[in-house]
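Results of the structural survey
Letter by letter, the chains look like this.
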Amino acid sequence: MADPAFRTVSVEEYLRLERDNPTRHEYIDGFVYAQAGASRTHNLIAGNIHVALHPVARGAGCFVYQSDMKVRVTPTRYHYPDVVVSCARDSDDEYTETAPCLIVEVMSASTRSEDQVYKAERYRELPTLRGYLMVDSQSRAAALYRRTDEGWVLEVIEKAVQLPCLEMELSLATIYEGVRL
């Protein structure tokens, strides 16, 4: 794919090129950005969350995807969250989730600001989203944006959190199991 500084691409071109590309790219308003690889710690945290959510999701008729499922946030923005939960199938596209109910991002020093500000704002615009969980990869810390009848509420997680969508408790001990910080 072209360097985003030189030209924009259409959504259709992005989706076509992305399908066969071994490198994941996010798409933002015509610009394509390659995604860097993740650290061992990042992968362990995302894996722990996926493993914890998977049996509950299956029992509820939902699906859990880890890192390679892109989410269409708007018609011109696509991201690859670390973990995505969806309980509805509203698209026949096997490579794109359009109706997530829970999104998880594992934050690193280089992505923290983007995850806490830009992506937090964009994800909360998704009508199906009920929770956005941000997990730190450098310290035992996490926070959840939860959709309520009054709007979005940010919860700092002390020990555990009741996740929306799957209605299950997820503890920091589970998130950070086997992780050395």
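Cut-offs used in this document
Counting restarts for each chain: residues are numbered from 1 in the order of the written sequence. Per-residue local features of the predicted model are confined to residues with pLDDT of at least 70, and side-chain atom pairs are confined, for both listing and counting, to 80 or more; whole-chain, interface and lining totals are unaffected and use all residues. Computation of side-chain values covers all heavy atoms of the structure but excludes hydrogens and water. Strand pairing is assigned whenever DSSP identifies at least 2 bridges connecting the two strands. Where helices and strands are cited, they refer to DSSP runs of H or I of at least four residues and of E of at least two residues respectively, numbered from the N terminus. Residue contacts follow a heavy-atom distance rule, with two residues in contact if any of their heavy atoms lie within 4.5 Å. An axis is simply a line fitted to the C-alpha atoms; with a helix, the fit covers only the stretch in contact. Between two such axes, the angle follows the N-to-C directions and lies from 0 to 180 degrees. Under the pairing criterion, centres of Phe, Tyr and Trp rings, with the six-membered ring standing for Trp, must be within 6.5 Å; the plane angle then separates stacked pairs below 30 degrees from edge-to-face pairs above 60, leaving the rest tilted. A 1.4 Å probe rolled over the protein chains alone gives each residue an accessible area, and that area as a share of the maximum for its type sets the label: buried under 20%, exposed over 50%, partly exposed in between.

**Overview of the sheet that holds strand β2 (residues 31-34)**
Reading across the sheet, the 5 strands line up as β2-β1-β5-β4-β7 and stay open at both edges, with mixed pairing between neighbours. Two strands in the sheet have a free side with no partner beyond their single neighbour: β2 and β7 (96-97). In the sheet, strand β4 (residues 70-74) pairs with β7 via 2 bridges, with the strands oriented parallel. By the bridge assignment for β7, Lys70 is matched with Thr96. Strand contacts of helix α1 (residues 11-19): β1 (25-28), β2, β4, β5 (77-79) and β7, with the helix running at about 175° to β1, the strand carrying the most contacts. Contacts from helix α3 (residues 112-123) reach β1, β4 and β5 within the one sheet, and its direction differs from that of β5 by about 125°.

**Side note on the sheet that holds strand β10 (residues 142-148)**
Spatial strand order, β3-β6-β8-β9-β10-β11: 6 strands in an open sheet with mixed pairing. Of all the strands in the sheet, just β3 (63-66) and β11 (151-156) have a single pairing partner and so form its edges. Adjacent strand axes in the sheet meet at a mean angle of 15°, parallel and antiparallel pairs treated alike. In the packing of helix α2 (residues 40-59) onto the sheet, contacts are made with β3, β6 (83-86), β8 (100-107) and β9 (131-136), and the angle to β3 comes to roughly 170°.

**A word on the packing of aromatic side chains**
How two aromatic rings sit relative to each other is given by the distance of their centres and the angle of their planes. Evaluated as defined, the whole model comprises 5 aromatic pairs. Pairing Tyr14 with Tyr27 gives two aromatic rings, centres 4.8 Å apart and planes at 25°, and the pair type is stacked. Taken together, the residues span a long stretch of sequence, with Tyr14 in helix α1 and Tyr27 in strand β1 at a distance of 13 residues. Residue classification places Tyr27 among the buried positions, given a relative accessible area of 3%. Between Tyr14 and Tyr78, the aromatic rings sit 5.5 Å apart at their centres with planes inclined by 50°, giving tilted as the arrangement. With a gap of 64 residues between them, Tyr14 in helix α1 and Tyr78 in strand β5 connect regions that are remote in the sequence. Tyr78 shares its class with Tyr14; the two are buried. Aromatic rings pair up to connect Tyr14, Tyr27 and Tyr78 into one cluster.

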